[in-house]
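Descriptive structure summary
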Amino acid sequence: MQIETKLLSGALGAEIKGIDLTDISDDNFKKINDLLLEHKVIFFRDQPLTAEQHIALAEKFGPLETHAYVKGLEKFPEIVRIIKAEDEKNQWGENWHSDVSYNFKPTKAVILKSIKIPPVGGDTCFSNMELAWETLDGKIKDKIKDKKAIHSSLGAEFFLENYKKMEGNKNKNYNEYSNEHPMVRTHPETGKKILFVNWTYTKEIIGMKREESEEILKQIFEHQTRLDLTCRFTWTENAVCIWDNRSVIHYAIADFYPGKGLGYERVMDRIAIEGDHPQ
Ligand SMILES: [Fe+2]
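Everything in this summary refers to the structure shown in the same document. If you're wondering where the values come from, they're calculated on a predicted model, not measured in any experiment. (Residues numbered from 1 in each chain as written. Predicted model: local features only at pLDDT ≥ 70, side-chain atom pairs only at ≥ 80, totals over all residues. Heavy atoms only, no water.)

1. Here we look at the overall build of the protein
Going by this rule: Helix and strand assignments follow DSSP, with helices taken as H or I runs no shorter than four residues and strands as E runs no shorter than two, numbered in order from the N terminus. Only the protein chains shown count as cover for residues, and all accessible areas are computed by the Shrake-Rupley method using a 1.4 Å probe. For the charge count, each Lys or Arg is scored as positive and each Asp or Glu as negative, with His and the chain ends excluded. The atoms used to mark charge sites are NZ of Lys, CZ of Arg, CG of Asp and CD of Glu.
The number of helices and strands found in the protein is 5 helices and 15 strands. Accessible surface, the protein as shown: approximately 13,000 Å² in total, 49% of it carbon and sulfur. Averaging the coordinates of the 39 positive side-chain charges in the protein and doing the same for the 45 negative ones gives two points 2 Å apart.

Take a look at the structure:
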């Protein structure tokens with residue numbers, strides 16, 4: 001099959017045709033991983049993967065991760081089912097973040113598969129953190145290049161109460177915890193520098209006065225969500241998205257309003273692959 005690549009923006013993201021995601025041979029996996037490293041987030045339409053096929057594909061990337069706060073499916077605990085109920089306007093992940101960056105080993109990559117999609121609303125945006133580092137103001141770069149920041153899970157535990165059809169992972173008792181990560185990390189596969197900071201979980205720059213830390217983080221958060229660093233994907237059912245959680249941040253748009261997307265359920269299956277400790 002001929003591979004066709006349609007770029008979603010000048011910054012990152014590509015929709016791929018001509019790859020069958022049920023083929024997990026080393027050769028096909030290499031093609032998928034190379035596309036992921038090149039585009040940072042890749043999308044495939046009309047790939048009705050079963051739970052077993054979804055898991056098998058994810059396992060090619062490495063050991064799977066259990067979410068700190070959300071319970072997986074009874075039969076497939078590796079799969080977290082993200083559900084926005086018909087009458088809910090909010091959905092999980094509706095602010096800029098990289099998944100579980102508060103973990104010692106934040107997620108390497110996520111494979112998200114759409115099951116039910118409203119007729120309008122609920123697109124997902126991604127922003128390229130390699131490009132964000134390259135284009136960051138030189139003075140800020142100098143200030144943060146050797147710094148670490150605290151990533152806290154504060155807030156992550158609350159969301160479950162907001163969604164009727166999602167269930168918590170009671171093992172953790174929803175306690176807050178945090179880890180320190182370099183603000184600029186090196187991608188373990190490409191060797192590229194990446195800005196590793198996000199609005200949802202990054203709270204403080206270590207070794208900096210509180211006001212200065214707040215001011216610099218504010219400027220970084222504005223910079224890293226500039227529209228020219230982003231792409232946007234409109235879901236259809238049985239679409240699969242794979243993102244490199246080390247080098248992008250993302251935002252699940254909750255634009256479900258009466259008369260438009262509201263009144264419809266949105267269901268996605270998520271599998272996360274364990275990452276390494278950022279260096
Ligand atoms: Fe997320």
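2. Things to note about the coordination of the iron ion
Inclusion rule: Metal coordination here is assigned from N, O and S atoms located within 2.8 Å of the ion, or within 3.2 Å for Na, K and Ca; omission of water means that sites may look incomplete. The buried label applies to any residue whose accessible area, calculated with a 1.4 Å probe on protein chains only, is under 20% of its type's maximum; exposed applies above 50%, and partly exposed to all values in between.
With distances of 2.1 to 2.2 Å, the protein atoms coordinating the iron ion are H97 (NE2), D99 (OD) and H250 (NE2). Mapped onto the sequence, the residues coordinating the iron ion show the spacing H-x1-D-x150-H. A residue pair is termed long-range when its members are at least 10 positions apart, and H97 in the loop between β4 (80-84) and β5 (109-116) and H250 in strand β14 (residues 248-252) qualify at 153 residues. A single burial state applies to H97 and to H250, both of which are buried.

3. A closer look at the packing of aromatic side chains
The test is simple: Centres within 6.5 Å are what make two rings of Phe, Tyr or Trp a pair, Trp counting through its six-membered ring; a difference in plane orientation under 30 degrees is then read as stacked, over 60 as edge-to-face, and the rest as tilted.
Evaluated as defined, the whole model comprises 10 aromatic pairs. Measuring from centroid to centroid gives 5.5 Å for W96 and Y251, while their planes differ by 65°, and the two rings are edge-to-face. Of this pair, W96 sits in the loop between β4 and β5 while Y251 is found in strand β14, placing the two residues 155 residues apart along the sequence. With a centroid separation of 5.6 Å and an interplanar angle of 55°, the aromatic rings of F126 and W243 are classed as tilted. Taken together, the positions of F126 in strand β6 (residues 124-128) and W243 in strand β13 (residues 240-244) put the pair 117 residues apart, joining distant regions of the chain.

4. Thoughts on the pattern of salt bridges
Rules: Any Lys or Arg side-chain nitrogen found within 4 Å of a carboxyl oxygen on Asp or Glu counts as a salt bridge.
Summed over the entire model, instances satisfying the criterion amount to 21 salt bridges. With a shortest N-O distance of 2.7 Å, D123 and R232 are connected by a salt bridge. Taken as a pair, D123 in the loop between β5 and β6 and R232 in strand β12 (residues 230-233) lie far apart in primary sequence, 109 residues in all. Classification of D123 by relative accessible area gives buried; the value is 9%. For R232, a relative accessible area of 44% corresponds to the partly exposed category. One salt bridge in this structure joins R210 and E214, with 3.5 Å as the shortest N-O distance. With R210 and E214 both in helix α5 (residues 210-224) and 4 residues apart, this pair spans about one turn of that helix. Where salt bridges share partners, they join E86, K116, K165 and E265 into one cluster.

5. Some remarks on the nonpolar core
What counts here: Grouping buried Ala, Val, Leu, Ile, Met, Phe, Trp, Tyr and Cys residues that are joined through side-chain atoms within 4.5 Å yields what is termed a nonpolar core. Residues count as neighbours in contact if any of their non-hydrogen atoms are within 4.5 Å of one another.
Ranked by size, the top nonpolar core spans 29 residues in total, and within it V41, F126, W235, C241 and W243 carry the most contacts. For this core, the secondary-structure elements that each account for two or more residues are β3 (41-44), β4, β5, β12, β13 and β15 (266-273). Look past the residues within four positions of F126 in its chain and what remains in contact with it is L12, V41, F43, W96, L229, T230, C231, C241, W243, V248, I249 and H250. One finds F29, L64, I111 and I271 within the second-largest nonpolar core, a separate group that totals 24 residues.

6. Observations regarding unusual backbone geometry
In this model, D46 sits at a positive phi of 55°, which is unusual for a non-glycine residue. Here D46 lies in the loop between β3 and α2 (51-61). Taking relative accessible area as the criterion, D46 reaches 62% and is therefore assigned exposed. Even without being a glycine, V100 presents a positive backbone phi close to 40°. Note that V100 resides in the loop between β4 and β5. Note on V100: relative accessible area 2%, which makes it buried.

7. Comments concerning helix α1 (residues 26-39)
Definition in use: Any helix carries an expected span of 1.5 Å times its number of residues minus one.
Counted at 1.5 Å a residue, the expected span for α1 with its 14 residues is 20 Å, and the 20 Å between its end C-alpha atoms agrees. The set of residues buried in α1 consists of N28, F29, I32, N33, L35, L36, L37 and H39. In this structure, the buried residues of α1 make contact with β1 (4-7), β2 (14-17), β3, α2 and β13.

8. Quick look at the pairing of β6
The criterion, for reference: At least two bridges found by DSSP between two strands is the condition for calling them paired.
For β6, the buried fraction is high: 5 of the 5 residues fall into the buried class. Covered by surrounding structure in β6 are T124, F126 and N128 together with C125 and S127, the residues of both alternating faces. Relative to β12, β6 runs antiparallel, the two being bridged by 4 bridges. Paired with F126 across the strands is C231, a residue of β12. Looking at chain direction, β6 and β14 are connected through 5 bridges and run antiparallel.

9. Description of the sheet that holds β14
The strands making up a sheet are joined through hydrogen bonds of the backbone, oriented either antiparallel or parallel. Our working rule: Axes here mean lines fitted to C-alpha atoms, for a helix over just the part in contact, with angles spanning 0 to 180 degrees between N-to-C directions.
Read from one edge of the open sheet, 3 strands run β12-β6-β14, paired in antiparallel fashion. Two strands lie at the open edges of the sheet, namely β12 and β14, each paired on one side alone. Across the sheet, the mean angle separating the axes of adjacent strands is 20° when strand polarity is ignored.

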